[in-house]
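Residue-level listing of the chains:
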Amino acid sequence: MPTFKAWDVVKVPFPYTDRPVRQHRPALVVAAGPLEANHGLLWVLMITSAENRRWDNDVVISDQEAAGLPAPSMVRCAKIATIESRDAEPIGALPTGDRKKVAAHIARTLTATAGARP
């Protein structure tokens, strides 16, 4: 079983509720390490086609070949999920310059969330 690290691009099964099939979709690992070692989990961000409508915090992937992607894509920083690491398959890595942009979006979201009071 692979061991993952932050910035790995992985392929994960995505269940469709209206069909009895699962399609594999790309995702970006943003947390692994102890989370994977202790619980078998990964935190991932959604990767979607660059043809889709952009959201404010999307990051266009500058090198789709390095990321292991067949088409121009972007990281959708607003969509995070926790998945079982055993369901992930490595396909590439996010380019270094793109990592800084994704990390900045995550940091801004966490800072804004931590500052919010009920």
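A few points on the structure. (Residues numbered from 1 in each chain as written. Predicted model: local features only at pLDDT ≥ 70, side-chain atom pairs only at ≥ 80, totals over all residues. Heavy atoms only, no water.)

### Some thoughts on the overall build of the chain
Definition in use: Here a strand is any run of E in DSSP of at least two residues, a helix any run of H or I of at least four, and the numbering for each starts at the N terminus. Any pair of residues with heavy atoms lying within 4.5 Å of one another is described as a contacting pair. Using a 1.4 Å probe, the Shrake-Rupley method yields the accessible areas, and only the shown protein chains count as cover for residues.
When its secondary structure is counted, the chain shows three helices and six strands. Secondary structure of the chain in N-to-C order comes out as β-β-α-β-β-α-β-β-α. Here the analysis covers contacts within the chain between residues at least 6 apart in sequence; of these, 55% occur between residues at least 24 apart. When the accessible surface of the chain is split by element, carbon and sulfur atoms take 56% of a total near 7500 Å².

### Describing the pattern of salt bridges
Under the convention used in this document: Criterion for a salt bridge: a side-chain nitrogen of Lys or Arg within 4 Å of a carboxyl oxygen of Asp or Glu. Each residue is assigned to one of three classes by its accessible area relative to the maximum for its type, calculated with a 1.4 Å probe on protein chains only: buried under 20%, partly exposed between the two thresholds, exposed over 50%.
Counted by the stated rule, this structure contains four salt bridges. Notably, a salt bridge pairs E89 with K11, separated by 3.7 Å at the nearest N-O pair. Note that E89 is positioned in strand β6 (residues 89–93) and K11 in strand β1 (residues 8–15), a separation of 78 residues in sequence. With relative accessibility at 39%, the residue E89 sits in the partly exposed group. For K11, a relative accessible area of 29% gives the class partly exposed. The partner of R76 in a salt bridge is D58, with the nearest N and O atoms 2.8 Å apart.

### Considering the nonpolar core
Note the threshold: Remark: nonpolar core denotes a set of buried residues (Ala, Val, Leu, Ile, Met, Phe, Trp, Tyr, Cys) joined through side-chain atoms within 4.5 Å.
Formed by 13 residues in total, the largest nonpolar core has its most connected members in L28, L45, I47, I61, V75 and V102. Secondary structure elements with two or more residues in this core: β2 (22–31), β3 (41–49) and β5 (73–84). Once you skip the residues sitting within four places of it in the chain, V75 turns out to touch L28, L45, M46, I47, N57, D58, V59, I61, L94 and V102.

### What to know about the packing of aromatic side chains
Aromatic ring pairs are described here by two measures, namely the spacing of the ring centres and the angle between the planes. Our working rule: Aromatic rings from Phe, Tyr and Trp, with only the six-membered ring used for Trp, were paired whenever their centres fell within 6.5 Å, and each pair was classed as stacked if the ring planes differed by under 30 degrees, edge-to-face if by over 60, and tilted otherwise. Cation placement over rings: the criterion is NZ of Lys or CZ of Arg within 6 Å of the ring centroid and within 35° of the ring normal.
Evaluated as defined, the whole model comprises zero aromatic pairs. The ring of W55 has R76 sitting right over it, with the charged end atom 4.2 Å from the ring centre.

### A closer look at unusual backbone geometry
Backbone geometry places W7, a non-glycine residue, at a positive phi of 85°. Structurally, the position occupied by W7 is in the segment before β1.

### What about the side chain of D8?
Keep this limit in mind: Under this definition, polar contacts are N or O atom pairs within 3.5 Å; protein pairs additionally need one hydrogen-donor-capable and one acceptor-capable atom, and for neighbouring residues in sequence, both atoms have to be side-chain atoms.
By the secondary structure assignment, D8 is in strand β1. Here D8 falls in the buried class, since its relative accessible area comes to 8%. Looking at D8, its side chain comes within polar contact range of the main-chain nitrogen of K5, at 3.0 Å. With residues up to four places along the chain from it excluded, the contact list for D8 reads A27, L28, V29, G92 and A93.

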